[in-house]
Amino acid sequence: MSKIKPYKNSELGKKEQVTKMFDTISGDYDNLNRVISFGIDIKWRKKVVKLVKEKQPKTILDIATGTGDLAINLAETDATKIVGLDISSGMLDIGREKIKKKGLKQKIDMVLGDSENMPFNDDTFDAITVAFGVRNFETLENGLKEILRVLKPNGIFVILETSMPDKAPYKQGYNFYTKNILPLIGRIFSKDRSAYKYLCESASVFPYGEALNNILREIGFTNVEDLPQTFGVATIYTASKQ
């Protein structure tokens, strides 16, 4: 997993490469996401918000928040404070503009930080979310341990991440789309070709379904469940902390 990095010829580690990549594509990112997922990612995020809202959290942390789409959606909950954390200052700058335009500055803080070494105390947040971010962790287990640390007991942790359809014909269609169409879209829309090649490759090798459930359990999460979305091209995972 950690072998796949955005820039094959770079001496930088995965974390530094991912930061550079997201800083570079930050201006294109929102529009590209809509094109790549045919807008279905909006529906997936709404499901995440619904799951979080049911727990009535007061404090929420959205990790790998990017330009803040999910953090902004989470303002629909009754949370008094939402923190969006990301390693890319370019993405956060765009997110702050979006938050300002929506009048949510009092509710949402955008924080520059590393998901594997977070600047928060133990047991800080009632709910933690990560949408399309866990596969960019340099070391998945370290990131998940940090999430467990800052999540309050009985808090909810929700992951939204790409996954692979298991059933025909969706499996074959997905493989064709990710290998042929996605890189083409990336080339047309983005100034960083390596970025979208990396996003496809990292999705194809990332553990999903029961494999990710088991990793979450090994880290110490409880009540782990996976909810496949749209024929299995994405999955929502929910977990808790004792």
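Residues numbered from 1 in each chain as written. Predicted model: local features only at pLDDT ≥ 70, side-chain atom pairs only at ≥ 80, totals over all residues. Heavy atoms only, no water.

Draft legend 1. How the structure looks around the pairing of strand E7 (residues 234–240). For E7, the tally of buried residues reaches seven of seven residues, placing the bulk of the element in the interior. By the alternation rule, side chains of E7 split into Ala234, Ile236, Thr238 and Ser240 and Thr235, Tyr237 and Ala239, which are all buried. Bridge count between strand E5 (residues 151–162) and E7: seven bridges; the pairing is antiparallel. Looking across to E7, one finds that Glu161 is bridged to Thr235. Across six bridges, strand E6 (residues 222–229) lies against E7 in antiparallel orientation. Note on E7: the bridge partner recorded for Gln229 is Ala234. Turn length for the E6-E7 hairpin, with the two strands adjacent in sequence and antiparallel, is four residues, and the turn residue Thr230 shows positive phi of about 45 degrees. (Buried < 20%, exposed > 50% of the residue type's maximum accessible area, 1.4 Å probe, protein only. Helix = DSSP H or I, 4+ residues; strand = E, 2+ residues; numbered from the N terminus. Pairing = 2+ DSSP bridges.)

Draft legend 2. Highlighting unusual backbone geometry. In this model, Ala168 is joined to Pro169 through a cis peptide bond whose omega is 0 degrees. As for its placement among the helices and strands, Pro169 is situated in the loop between E5 and helix H6 (170–189). Residues other than glycine seldom take positive phi values, yet Gln56 does so here, at roughly 50 degrees. Note that Gln56 resides in the loop between helix H2 (40–53) and strand E1 (59–63). For Asn223, which is not glycine, the phi torsion reads 50 degrees and is therefore positive. You can call Asn223 exposed: its relative accessible area is 60%.

Draft legend 3. Molecular detail of the pattern of salt bridges. Summed over the entire model, instances satisfying the criterion amount to 16 salt bridges. The partner of Lys50 in a salt bridge is Glu54, and the shortest N-O contact between them spans 3.5 Å. Residue classification places Lys50 among the exposed residues on the basis of a relative accessible area of 53%. Linking Glu210 and Arg217 is a salt bridge whose minimum nitrogen-to-oxygen distance equals 2.9 Å. The class for Glu210 is partly exposed, based on a relative accessible area of 43%. If you follow the salt bridges from partner to partner, you end up with Asp30, Arg34, Asp41, Arg45, Asp69 and Lys98 in one network. (Salt bridge = Lys/Arg side-chain N within 4 Å of Asp/Glu carboxyl O.)

So, to be careful, I would describe these as geometric facts and stop short of saying anything about function.
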